[in-house]
Amino acid sequence: MSKNIVWFEEVGKTDVGLVGGKGANLGEMTRAKLPIPYGFVVTSHAYFLFIKANRLEKKIDSFLNLINFENSSELHQASKHIQDLIMNAHIPDSMVNEILVYYDNLTAKEEVYFKKNSNIFKKVLKRVKHLYNPPVVAVRSSATAEDLPTASFAGQQETYLNVKGEIHLLDYIKRCWASLFTPRAIYYRHEQKFDHFKIGLAAVVQRMVQSEKSGIAFSIDPVTNDKTKIVIEAIFGLGEYIVQGKVTPDHYEVDKRSFVLLIKDIKYQNLKYVRSGMGNKEVKLFKSEGAVQKLCVKEIVEVALLVKQIEDHYYFPQDIEWAIEGDTVFIVQSRPITTTHNTSKDSVAGTKREVFLTGAPASPGIAIGPVKIIHSPHEIDKIKKGDILVAPQTNPDYVPAMKRAAGIVTEKGGRTSHAAIVSRELGIPAIVGVEGATQKLKNEMVISIDGKAGEIYKGSILSDVKKISDMQKEEEPAHRYKTLTKVYVNLAEPEMALKTSKLDCDGIGLLRAEFMVAGIGTHPKEFIRLKKEDVYVQKLVSDLLKFVKPFSPRPVIYRATDFKTNEYRHLKGGKDYEPYEENPMIGFRGASRYISDPREFNLELQAIKKIWDMGYTNLHLMIPFVRVPWEIIQIKELVKKSGLLSYSGFRLLIMVEVPYCALNLEEFIEVGISGVSIGTNDLTMMLLGVDRDNQEVANVYDERNPAIIQVLEYIVSTAAKHGITSSICGQAASDYPDIVERLVKAGITSVSVNPDAVYRTRELIYQIEKRHFESIRK
């Protein structure tokens, strides 16, 4: 596609090169019928045409070639010259006309779109009817290398709010283009080794939400990487102040499964940013206004549900901006969290030293150094390598100094502020929201900060760190507890395999295929249609090797693809092959798919066979969502045709998730399987008749229900009776030690848990087995 302008629904997540990360995500979420303020995107194609028409590339390059990127003065000077070049250049007349046609049609187009999706946008329709032309919009920069899974461009380009009128719109689109060359953007691209001229910039023109409340949400805890929580931070007014860290937001933590509010931390907000005429203004808040809880429980749950929906859509943790106008929650943008592998476990929690100051944990780790207090980006040259940077708040202009700092402390801001996000990306310990930090801390004063606990100590705590580190090593149960019951891990991300293989685990009990397939990004049938099956198979082989190599000779149990139809539809080309289902959770999935059309399943079998032919004999196959015995009979025929059953030591297992399979397990064992693994998530859902993703009935969902435990024990004892292996790989194995104990006593041969639960589960099983055998001896 080489269009200059597109409506949101014309693009999706694969169009980053045309509309940038922000534009692609807004288009993707519009297609997914999420509550997105409507709009259009002036594409990167238009930007490149603008640069070419004005012959700017050589002029820009001449400035970039002259500067020392570590010299902030030179960087600012070059930036100003380049931005002046862009602002003084002319947008071609044909492009101007095209932009204005889209702008003039925005209100009408928006109303048609919302009427078409009126079941979702009822509240929004009322709002649209009372808006006047010309529409008030936000103009947001969207770089074509923005928000990649490995690098965040948070804050690198500009956003302009409450833009109204044709002349203003054209001016702010040029300002967006110019923002590609702010000092911070130039510096960041240089550091990340991105080519300045291969990255384009699209301008997102989006209906302005006059937010009474706004904020940021993470689909995992951004500090600890806890995937069971949703973290929401909220303020009054427009969202700019939360990103800038100018105010400290309320902090809420929600359980991702039950949507129960776990933690709420209410903060006093002294300022808010609101629309005023053709611009925006800062408004002071009285104590009685700013000290109240920003979101009610209903609003917290509504935001959390949307966050969960977006994460499920992308199959990757998300950083989401949201806003509330009236009684409607809007999603303003979503991007991947880029710091999920940067978490440090270092902490001095447990030291006997007195805590001097506290704030919100923002980026884990320990830093020790002299304090340097700065109040603006003009002072960043004061920060030397090893200093603790202390500031009221940070913005992207502080990044060069942040890279030199050993640690960061800010007076304002939450875990979703600029300081917090960038610190996590850089791997620098940070604490935010430390009230009075710039007054209570003094220049050159040596302090120690614990970014994981949010605590600041006077002086150096190096000796304490060493003592606690030694204690943790002594307490760590790795390779100390030998158990008869195997402890496996659940994995999905290839990048995590090498690190996880070093844990005291006996293999991978559940290797989810979905993350790898989502990474490939295109529906397998599209590869088949294009006769590029070998490309798909090779991509799968490449990912599988990342697991089987570091774990060899320990077993890796690969669960064949278990996408539901709604999830498959999100892959490129998916809508051409997937039927629409009212309830895909119990629809066309698992074993039924492989039998109905074996071509996709055969691609997976080919990949597994290639791994075995390379000499890795630790990869085995598990079939998900098996409903009736004859499905396994037919599956075995397909596996047999692939040649895998002829390999000595190859194992074929099934997931026990469907009540019929659980209660009539002997029928499935008689067909001939090597083992079973219990998927407690789906099995609990169907035995209790509860949609586990529906917060209205989530309180009923509980794997500890006596009836559920009785069924689990029956599955394990039946497997033991017939001499096949049994395992449990659902969330219950990681969350509930009492369930693990019951199943170990029933004779389960392994449990498969999340990586962070390996050590405690190994120790738990050791103690269970010890008590069990002692009672037998007595």
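Residues numbered from 1 in each chain as written. Predicted model: local features only at pLDDT ≥ 70, side-chain atom pairs only at ≥ 80, totals over all residues. Heavy atoms only, no water.

### Description of the overall build of the chain
What the chain contains, in helices and strands, is 31 helices and 29 strands. A total of 778 residues make up the chain; the buried ones form 56% of that total. In the chain, the share of contacts with a sequence separation of at least 24, taken over all contacts with a separation of at least 6, comes to 68%. (Helix = DSSP H or I, 4+ residues; strand = E, 2+ residues; numbered from the N terminus. Buried < 20%, exposed > 50% of the residue type's maximum accessible area, 1.4 Å probe, protein only. Contact = heavy atoms within 4.5 Å.)

### Some details on a nonpolar patch on the surface
On the surface, Val260, Leu262 and Ile263 cluster together into a nonpolar patch covering about 240 Å² of accessible area. Its location among the elements puts Ile263 in strand E9 (residues 261-265). (Patch = residues over 30% accessible without salt bridge, like charges linked within 9 Å, V, L, I, M, F, W, Y side chains within 5 Å. Areas by Shrake-Rupley, 256 points an atom, 1.4 Å probe, with all protein chains shown as cover. Salt bridge = Lys/Arg side-chain N within 4 Å of Asp/Glu carboxyl O.)

### Let's talk about the pattern of salt bridges
Tallied over the full model, the rule gives 36 salt bridges. The shortest N-O distance in the salt bridge between Glu9 and Lys109 comes to 3.6 Å. In this pair, Glu9 is assigned in the loop between strand E1 (5-7) and helix H1 (16-31) and Lys109 in helix H6 (residues 106-116), connecting sequence segments 100 residues apart. Residue Glu9 is classed as partly exposed on the basis of its relative accessible area, which comes to 24%. Lys109 gets classed as partly exposed once you look at its relative accessible area, which sits at 29%. Asp312 is the salt-bridge partner of Lys308, the closest N and O atoms lying 2.9 Å from each other. Residue Lys308 and its partner Asp312 are located together in helix H12 (residues 297-314), separated by four residues, close to a single helical turn. Lys308 sits in the buried class, given a relative accessible area of 14%. The structure contains a network of salt bridges with shared partners spanning Lys525, Glu578, Arg593, Asp597, Arg599 and Glu600.

### What about the packing of aromatic side chains?
In this structure the tally under the stated criterion is 15 aromatic pairs. Taken together, the ring pairs in this structure connect Trp7, Phe8, Tyr38, Phe40 and Tyr102 into an aromatic cluster. One cation-aromatic arrangement involves Lys287 over Tyr268; the distance from NZ or CZ to the ring centre is 4.4 Å. It is Arg589 that lies over the ring of Phe625; its NZ or CZ is 3.8 Å from the centre. (Phe/Tyr/Trp six-rings, centres within 6.5 Å; stacked < 30°, edge-to-face > 60°. Lys NZ or Arg CZ within 6 Å of the ring centre and 35° of its normal.)

### What to know about the sheet that holds strand E18 (residues 407-410)
Taking strand neighbours across the sheet as the criterion, the eight strands line up as E14-E21-E20-E16-E17-E18-E19-E15 in an open arrangement whose pairing is mixed. Here the strands that pair on one side only, and so sit at the sheet edges, are strand E14 (357-358) and strand E15 (360-363). Where E15 lies against strand E19 (residues 430-432), three bridges are found, and the strand directions are antiparallel. Within E19, the residue paired with Pro361 across the bridge is Ile431. In the packing of helix H14 (residues 418-426) onto the sheet, contacts are made with E15, E18 and E19, and the angle to E15 comes to roughly 45°. (Pairing = 2+ DSSP bridges. Axes fitted to C-alpha atoms, helices over the stretch in contact; angles between N-to-C directions.)

### A short note on the packing of helix H27 (residues 680-688) against helix H28 (residues 706-721)
H28 packs onto H27 with a crossing angle of 125° between their chain directions and a minimal axis gap of 11 Å. Classified by the interaxial angle, the pair formed by H27 and H28 is oblique. The handedness of the crossing between H27 and H28 comes out as right-handed. Of the residues in H28, those in contact with Thr680, Leu683, Thr684, Leu687 and Leu688 of H27 are Ile708, Val711, Leu712 and Ile715. Looking at the contact of H27 with H28 residue by residue, the classes come out as seven nonpolar, two polar and no charged. (Parallel < 35°, antiparallel > 145°, perpendicular 65-115°, else oblique. Left-handed = near helix turned anticlockwise from the far one by under 90°. Nonpolar A, V, L, I, M, F, W, Y, C, P; charged D, E, K, R; others polar.)

### Remarks on the nonpolar core
Formed by 87 residues in total, the largest nonpolar core has its most connected members in Tyr558, Phe601, Leu621 and Ile623. Element by element, the count of residues in this core is highest for helix H20 (residues 533-551), at nine residues. Counting residues in hydrophobic clusters, the runner-up holds 65 residues, among them Ala78, Ala89, Ile374 and Ala430. (Core = buried A, V, L, I, M, F, W, Y, C linked by side-chain atoms within 4.5 Å.)

### Observations regarding the sheet that holds strand E27 (residues 675-678)
The parallel open sheet is built from eight strands, whose spatial order is E28-E27-E26-E25-E24-E23-E22-E29. Looking along the sheet, the strands with just one partner apiece sit at the ends: strand E28 (725-728) and strand E29 (750-753). Ignoring which end each strand starts from, the neighbouring axes of this sheet average 30° apart. Direction of pairing for strand E26 (residues 652-656) relative to E27: parallel, over a ladder of four bridges.

### Quick look at the packing of helix H26 (residues 665-672) against H28
For the pair H26 and H28, interaxial distance at closest approach is 10 Å and the crossing angle is 30°. In the crossing of H26 with H28, the sense of the turn from one axis to the other is right-handed. Facing H26, whose interface residues are Leu665, Glu666 and Ile669, H28 presents Ile715, Thr718, Ala719 and Lys721. Here the contact of H26 with H28 is built from residues that sort into four nonpolar, one polar and two charged.

### Topic: the side chain of Ser501
As for its placement among the helices and strands, Ser501 is situated in helix H17 (residues 497-501). We classify Ser501 as buried; its relative accessible area is 9%. Discounting chain neighbours no more than four positions away, the residues touching Ser501 are Pro550, Phe551 and Arg554.

### Overview of the pairing of strand E24 (residues 556-559)
Residue alternation in E24 divides its side chains into two sets, Val556 and Tyr558 and Ile557 and Arg559, and both sets are buried. One ladder, built from three bridges, connects strand E23 (residues 508-512) with E24; its direction is parallel. Note that in E24 the partner of Ile508 across the bridge is Val556. As paired elements, E24 and strand E25 (residues 619-623) share four bridges and run parallel to each other. Residue Val556 lies in a different strand from E25, and its bridge partner there is Leu619.

### Comments concerning the side chain of Glu769
For Glu769, the location among the structural elements is in helix H31 (residues 758-777). In this structure the side chain of Glu769 is engaged in a polar contact, spanning 3.0 Å, whose partner is the backbone nitrogen of Leu484. (Polar contact = N/O pair within 3.5 Å; in protein donor to acceptor, adjacent residues only side chain to side chain.)

### Quick notes on helix H8 (residues 166-178)
With 13 residues, H8 extends 19 Å from end C-alpha to end C-alpha; this agrees with the ideal 18 Å at 1.5 Å per step. The complete set of buried residues in H8 reads Leu169, Leu170, Tyr172, Ile173, Lys174, Cys176, Trp177 and Ala178. (Expected span 1.5 Å × (residues − 1).)

### Remarks on the confidence of the model for the chain
When pLDDT is averaged across the chain, the result is 85; 89% of the residues are at 70 or more. Within the model, the stretch residues 127-132 combines pLDDT values under 50 with twelve contacts to residues more than four positions away or in other chains. (pLDDT = per-residue confidence, 0-100.)

### Structural notes on unusual backbone geometry
A cis amide bond links Ser552 with the next residue in sequence, Pro553, at an omega value of 5°. Although it is not a glycine, Phe259 sits at a positive phi angle of roughly 60°. Along the chain, the position of Phe259 falls in the loop between strand E8 (250-255) and E9. Overall, Phe259 belongs to the buried group, its relative accessible area being 6%. Look at Phe625: it is not a glycine, yet its phi comes out positive at around 50°. Mapped onto the fold, Phe625 is located in the loop between E25 and helix H24 (629-642). On the basis of relative accessible area, Phe625 is assigned to the buried category, the value being 1%.

### Here's the deal with the environment of Leu571
Tracing the sequence through the fold places Leu571 in the loop between helix H21 (565-568) and helix H22 (591-596). Each C-alpha atom, one on Leu571 and one on His523, is 5.3 Å from the other, the two residues being 48 residues apart in sequence. Residues in contact with Leu571, not counting those within four places in the same chain, are Val517, Ala518, Gly521, Thr522, His523, Pro524 and Phe563.

### Describing the environment of Tyr160
Locating Tyr160 in the fold gives a position in strand E4 (residues 159-164). A C-alpha to C-alpha distance of 5.1 Å links Tyr160 and Val139, two positions 21 residues apart in sequence. Excluding its chain neighbours within four sequence positions, the residues that come into contact with Tyr160 are Val137, Ala138, Val139, Tyr172, Arg175 and Cys176.

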